[in-house]
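Residues per chain are reported as follows:
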Amino acid sequence: MAPLVYVMTILGCGDDGATCTRERVAPASYTSVAECQAAMPAILASNTDLSFPVISASCERGGQFVVNNAPRSKPKAG
């Protein structure tokens, strides 16, 4: 059985903070949720190039993710 790992996803959110989309997966894995959460401030600080009013992060059980850190434009308000 493979060891359990956690990854941090970077989310771009609207002004209300509720409508979020997964924009990136941080290029690191963590052995616990606590370790992942402790790394959040530094990872969020390195992802300020996203064009969203609110940038957030979430720690999730890991798997095989493709990291695509290409710049994206801000979604159009609907």
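Thresholds applied
- Within any chain, residue numbers begin from 1 and follow the written order of that chain's sequence.
- The predicted nature of this model means local features are confined to residues of pLDDT at least 70 and side-chain atom pairs, given and counted, to a pLDDT of 80 or more, with totals for whole chains, interfaces and linings taken over all residues.
- Only heavy atoms go into the side-chain values, all of them from the structure, while hydrogens and water stay out.
- Helix and strand definitions here come from DSSP, where helices need a minimum of 4 consecutive H or I residues and strands a minimum of 2 consecutive E residues; each element is numbered from the N-terminal end.
- Note on exposure labels: buried denotes an accessible area under 20% of the residue type's maximum, exposed denotes more than 50%, and partly exposed covers the range between, all computed with a 1.4 Å probe on protein chains only.
- Only the protein chains shown count as cover for residues, and the accessible areas themselves come from Shrake-Rupley with a 1.4 Å probe.
- Being paired, for any two strands, means DSSP has found at least two bridges between them.
- What counts as an axis is a line fitted to C-alpha atoms, over the stretch in contact for a helix, and the angles between N-to-C directions run from 0 to 180 degrees.
- Here, residues are in contact when the closest pair of their heavy atoms is within 4.5 Å.
- Cysteine sulfur atoms are paired as a disulfide whenever they fall within 2.5 Å.
- In predicted models, pLDDT denotes the confidence assigned by the predictor to each residue on a 0 to 100 scale.
- N or O atoms closer than or at 3.5 Å make up a polar contact, with two conditions inside protein: a donor-capable atom paired with an acceptor-capable one, and, for residues adjacent in sequence, both atoms drawn from side chains.

1. Here we look at the overall build of the protein chain
Here is step 1: For the protein chain, the count of helices and strands is one helix and three strands.
Here is step 2: Secondary structure elements in the protein chain, listed N-terminal to C-terminal, are β-β-α-β.
Here is step 3: Counting over 78 residues, the protein chain shows a buried share of 28%.
Here is step 4: Total accessible area on the protein chain stands at roughly 5,200 Å², and carbon and sulfur atoms take up 56% of it.

2. What about the sheet that holds strand β1 (residues 6-13)?
Here is step 1: Read from one edge to the other, the open sheet built from three strands follows the order β2-β1-β3, with strand pairing classed as antiparallel. Pairing within the sheet leaves two strands with one partner each, and these edge strands are β2 (20-30) and β3 (54-61). Pairs of neighbouring strands in the sheet enclose a mean axial angle of 25°, with direction left out of account.
Here is step 2: Of the strands in this sheet, β1, β2 and β3 are in contact with helix α1 (residues 33-45), which crosses β3 at around 155°.

3. Notes on the state of the cysteines
Here is step 1: This structure, assessed with the given rule, holds two disulfides.
Here is step 2: Put simply, Cys13 and Cys20 are joined by a disulfide, and their sulfur atoms are 2.0 Å apart. Looking along the S-S bond of the Cys13-Cys20 disulfide, the torsion reads about 105°, which is the right-handed sense.
Here is step 3: In this model, Cys36 is linked to Cys59 through a disulfide, with the two sulfur atoms separated by 2.1 Å. Measuring handedness by torsion sign, the sulfur bridge of Cys36 and Cys59 sits at about -95° and is left-handed. One end of the pair, Cys36, is in helix α1; the other, Cys59, is in strand β3, and 23 residues separate them in sequence.
Here is step 4: Among the cysteines of the protein chain that take part in disulfides, numbered as they appear in the sequence, the pairing is 1-2, 3-4.

4. A short note on the confidence of the model for the protein chain
Here is step 1: Of the residues in the protein chain, 76% reach a pLDDT of 70 or more, and the chain-wide mean stands at 82.
Here is step 2: Confidence, read as mean pLDDT per element, is least for β2 in the protein chain (92) and greatest for α1 (95).
Here is step 3: Confidence over residues 65-70 falls short of pLDDT 50; this stretch has nine contacts with residues more than four positions distant or in other chains.

5. So, the side chain of Thr9
Here is step 1: Locating Thr9 in the fold gives a position in strand β1.
Here is step 2: Within polar-contact distance, the side chain of Thr9 engages the side chain of Glu60 at 3.3 Å.
Here is step 3: For Thr9, the contacting residues outside a window of four places in its chain are Arg22, Arg24, Val25, Ser56, Ala57, Ser58 and Glu60.

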